[in-house]
Amino acid sequence: MNPAKRILSSLRLANSLHCTRLSRDHSLYSQVTQFSHLSTSLYKQPHTPTFLNTQQKLFFSSKPNSALELVLASDWSKKLERELSNTNQKLTHETVIYVLKKLDKNPEKASKFFNWVCDKNGFKPSSSIYSLMLRIYANKESMKLFWITITKMKEQGFYIDEETYRTMLGEFKISKMVSDATALTHFYNRMVQENAMDCVVKNVVQVVIGSDWGREVEKELGEMKISVSDNFVLRTLKELRGYPSKALKLFKWVSGHSSYEHNSVTYNGIVRVLGRDDSIVEFWSMVKEMKSVGHEMDLDTYIKVSRSFQKCKMLKDAVELYELMLDGPYKPSIQDCSVLLRTISRSGNPDLDLVFRVVKKYEAAGNSLSKAVYDGIHRSLTSVGRFDEAENIIEAMRNAGYEPDNITYSQVVYGLCKAKRLEEACKMLEVMEANGCVPDLKTWTILIQGHCSADEVDKALFCFANMMEKNADADADLLDVLINGFLSQKRIVGAYKLLVELVDKARLVPWQATYKNLIQKLLGERKLEEALNLLHLMKKQNYPPFPEPFVQYISKFGTVEDAGDFLKALSMKDYPSVSAYLHVFESFFEEGRHSEAKDLLYKCPHHIRKHKAIYGLFGSGKSSSATAA
């Protein structure tokens with residue numbers, strides 16, 4: 001018996017599921033497979049971009065005299081330096097950031113460009129540019145440049161901000177660069193302690209946060225005799241990032257009460273702070289202001305603000321920002337288009353107007369559509385059930401030289417499942433195979449999750465068996481989907497049996513969270529034996545113990561024998577820790593079950609009964625006989 005049938009048989013579901021096998025409906029099959037017929041509905045959309053005209057190809061218009069084109073096209077040399085000098089291009093803060101962001105995967109060339117800009121052209125880097133350089137150098141191959149740059153920063157009075165420090169520390173830990181992580185922490189802590197400006201910044205922030213903005217706050221700030229610099233403004237704004245309206249007040253006060261004038265560096269600093277939902281009006285107002293005085297949003301600021309907008313589902317603002325940047329000199333990378341389209345498509349009910357605005361602007365910038373962009377459009381259309389238009393996209397994609405793959409078909413499967421058209425979703429896998437595209441695990445997972453979401457768990461399990469018959473291996477994600485499907489129907493024992501069977505027969509290793517969830521559900525149904533078995537399985541698969549729900553359950557409903565079984569299951573050693581015993585005893589006492597606690601103590605090993613903490617818990621006169629046993 002193959003694994004799929006054996007699992008179904010053990011769950012006693014084979015007979016009930018056999019009748020759910022989907023019969024082939026020729027007309028339905030034709031509907032799903034028909035991709036050659038193109039309706040005209042998508043062409044009638046007022047916001048449809050020109051990508052459906054597949055005869056026309058648009059490409060990036062090169063700018064041979066730009067600094068970026070020159071740097072990217074050649075190895076670094078004296079000749080390249082002369083060519084860069086001959087361009088007479090003004091190397092502003094925004095331009096330097098733009099080039100460095102494009103070189104972030106090439107630390108050596110980034111270093112040579114940075115040194116050339118600073119040494120040969122008199123460019124004065126800001127703390128944000130130094131922070132960017134440190135992030136570029138934060139890898140094993142560039143550590144010498146990393147420490148040289150940190151030292152130079154300190155000599156010039158700059159500091160490492162907390163965000164940059166934590167980002168680099170995380171990279172070092174991921175790369176197992178333990179000594180560098182330790183050295184960075186020591187350097188950062190010492191820099192904070194030694195930096196006199198840090199006290200000034202903290203005092204200013206304390207004044208600004210402490211009261212509503214008004215004359216009293218302005219008077220107190222004026223009396224502090226602050227020496228204003230780019231570095232001071234950036235540091236103060238970062239400390240006030242949780243108070244955007246107050247950060248804006250300070251930003252305006254600085255330029256109005258001193259000879260200091262804001263520049264590109266500080267304008268970019270304030271728009272980073274304002275780029276959030278509760279200050280979005282002020283954000284766009286500031287973007288307009290900075291452009292009116294000749295400054296541009298730099299690429300690093302754009303990336304951070306765009307990510308924040310997308311994370312907070314501020315998609316309209318994310319699209320407007322993308323359009324703004326593509327209209328300017330510092331254009332986002334080609335990949336940004338597909339990333340933004342993916343975010344829009346995952347918003348639950350994608351706004352197609354935003355989708356087509358992004359694509360239209362992407363095309364207008366001279367870019368031809370990639371497979372990723374086609375998939376982004378297609379994903380949103382299938383998500384909202386616009387399958388005819390989605391077919392048009394697939395046809396256009398084919399005409400552009402891109403064949404549908406697992407990503408494309410999986411999006412159709414997802415959309416059909418979301419629309420509760422489950423039979424058609426199942427047929428789509430047959431279409432895939434007929435077109436030479438073997439469904440991968442992600443496609444199967446989407447199909448099975450779609451059935452579970454539609455409360456068709458038995459059919460989902462049948463799809464799972466069908467998947468296994470095709471020699472596709474399941475993983476922990478798919479198991480979690482199935483378990484959650486069972487639990488959604490209150491089929492706790494069925495979920496338990498499925499997990500045990502797959503661990504035993506398919507050698508699957510469930511997620512720790514899957515174990516925890518199912519254990520809690522089992523204990524809620526008074527299924528202690530099954531829950532303890534899962535605890536044993538967790539232990540075999542080297543997961544840490546999960547005692548909390550067991551202790552709570554046993555202290556309320558369990559017997560002394562139950563407590564003993566739990567303690568045995570808790571540890572790979574002969575006996576669990578003293579703290580584990582102490583936890584159980586304390587829980588019994590909290591529930592007022594003193595006699596059960598004493599009975600358990602009698603059955604404990606000698607070293608537990610005599611331990612100081614246990615003795616202290618049972619140290620009353622009436623417990624002395626127990627502890628002496």
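Everything quoted here is computed from the prediction, not taken from an experiment.

Here we take up the side chain of S338. Its place among the elements puts S338 in helix 20 (residues 335–345). On the basis of relative accessibility, which here comes to 10%, the residue S338 falls in the buried class. A polar side-chain atom of S338 sits 2.9 Å from the main-chain carbonyl oxygen of Q335.

The terminal C-alpha atoms of helix 18 (residues 299–311), which comprises 13 residues, lie 18 Å apart, in line with the 18 Å expected from a rise of 1.5 Å per residue. Taken together, the buried positions of helix 18 are occupied by L299, D300, T301, Y302, I303, V305, S306, F309 and Q310. If you follow the buried residues of helix 18, they end up packed against helix 6 (93–102), helix 8 (127–137), helix 16 (264–274), helix 17 (280–292), helix 19 (315–327) and helix 20. For helix 18, the capping residue at the N-terminal end is D298, with a side-chain oxygen 3.1 Å from the backbone nitrogen of D300. Phi for K313, located one or two positions after helix 18, is positive at around 60 degrees.

We now examine the pattern of salt bridges. Scanning the entire structure with this criterion turns up 25 salt bridges. Across the salt bridge formed by K371 and D405, the nearest N and O atoms sit 3.0 Å from each other. With K371 in helix 22 (residues 371–383) and D405 in the loop between helix 23 (387–399) and helix 24 (406–418), this pair connects stretches of sequence that are 34 residues apart. Judged by its relative accessible area of 16%, K371 falls in the buried class. Residue classification places D405 among the partly exposed positions, given a relative accessible area of 26%. Overlapping salt bridges bring together K101, R135, R272, D300 and K304 as one network.

If you check UniProt for "repeat: PPR" (unreviewed entry), the listed places come out as residues 263–297, 298–332, 370–404, 405–439, 440–474 and 511–545 in our numbering. Structurally, residues 298–332 is divided into 74% helix and 0% strand, and its ends, taken at the C-alpha atoms, are 10 Å apart. The straight-line gap between the two end C-alpha atoms of residues 370–404 is 13 Å; of that span, 74% is helix and 0% is strand.

Per the stated rule, a full pass over the model turns up 19 aromatic pairs. Pairing W147 with F187 gives two aromatic rings, centres 6.3 Å apart and planes at 65 degrees, and the pair type is edge-to-face. Taken together, the positions of W147 in helix 9 (residues 143–155) and F187 in helix 11 (residues 178–194) put the pair 40 residues apart, joining distant regions of the chain. On the basis of relative accessibility, which here comes to 12%, the residue F187 falls in the buried class. Where F550 meets F566, the ring centres are 5.4 Å apart and the plane angle is 20 degrees; that geometry is what we call stacked. Placement of the pair is F550 in helix 32 (residues 548–557) and F566 in helix 33 (residues 560–570), with a sequence separation of 16 residues. Its relative accessible area of 1% is what places F566 among the buried residues. By way of ring pairs, the aromatic residues F146, W147, F172 and F187 are connected into one cluster. The residue whose ring lies beneath R235 is Y159, and the NZ or CZ to ring-centre distance is 3.7 Å.

Below, the discussion takes up the nonpolar core. L100, F113, F146, I160, I270, F283 and I377 are the most contacted members of the largest nonpolar core, which has 112 residues in total. With near-sequence residues (within four places) excluded, L100 lies in contact with A110, F113, F114, I129, L132, M133 and I136.

With that out of the way, let us pick up the side chain of D375. Positionally, D375 belongs in helix 22. A polar side-chain atom of D375 sits 3.3 Å from a polar atom in the side chain of T408.

Time to look at the layout of surface pockets. Empty space within the second largest pocket amounts to approximately 650 Å³. Mapped onto the lining of the second largest pocket, the elements with two or more residues apiece are helix 20, helix 22, helix 24, helix 26 (441–453) and helix 28 (476–488). Its residues assigned to classes, the lining of the second largest pocket shows seven nonpolar, ten polar and ten charged.

The next point concerns unusual backbone geometry. In this structure, K176 takes a positive phi of about 60 degrees despite not being glycine. With respect to the element layout, K176 can be found in the loop between helix 10 (162–174) and helix 11. Even without glycine at this site, N542 takes up a positive phi of about 65 degrees. Inspection of the secondary structure puts N542 in the loop between helix 31 (528–540) and helix 32.

Attention now goes to helix 31. Over its 13 residues, helix 31 runs 18 Å from end to end, which matches the ideal 18 Å to within 8%, given 1.5 Å per residue. Those residues of helix 31 lying buried are L528, A531, L532, L534, L535, L537, M538 and K539. Taken together, the buried residues of helix 31 touch helix 29 (492–505), helix 30 (512–524), helix 32 and helix 33. With its phi angle positive at about 65 degrees, N542 sits one or two positions after the end of helix 31.

A full pass over the atoms with the stated rule returns three cavities of 30 Å³ or more. If you add up the space inside the second largest cavity, you get close to 60 Å³. Contributing elements (two or more residues each) for the lining of the second largest cavity: helix 17 and helix 19. Here the lining of the second largest cavity gets three residues from one element, more than from any other, and that element is helix 17.

Basis of the calculations
- Residues numbered from 1 in each chain as written.
- Predicted model: local features only at pLDDT ≥ 70, side-chain atom pairs only at ≥ 80, totals over all residues.
- Heavy atoms only, no water.
- Helix = DSSP H or I, 4+ residues; strand = E, 2+ residues; numbered from the N terminus.
- Buried < 20%, exposed > 50% of the residue type's maximum accessible area, 1.4 Å probe, protein only.
- Polar contact = N/O pair within 3.5 Å; in protein donor to acceptor, adjacent residues only side chain to side chain.
- Expected span 1.5 Å × (residues − 1).
- Contact = heavy atoms within 4.5 Å.
- Salt bridge = Lys/Arg side-chain N within 4 Å of Asp/Glu carboxyl O.
- UniProt positions renumbered as here; feature names shortened; annotations may be inferred.
- Phe/Tyr/Trp six-rings, centres within 6.5 Å; stacked < 30°, edge-to-face > 60°.
- Lys NZ or Arg CZ within 6 Å of the ring centre and 35° of its normal.
- Core = buried A, V, L, I, M, F, W, Y, C linked by side-chain atoms within 4.5 Å.
- 1 Å grid on protein atoms, 1.4 Å probe; cavity = no way out; pocket = protein on both sides within 12 Å on 5 of 7 lines; lining within 4 Å.
- Points joined across faces, edges and corners; volume = space filled by probe spheres on them.
- Nonpolar A, V, L, I, M, F, W, Y, C, P; charged D, E, K, R; others polar.

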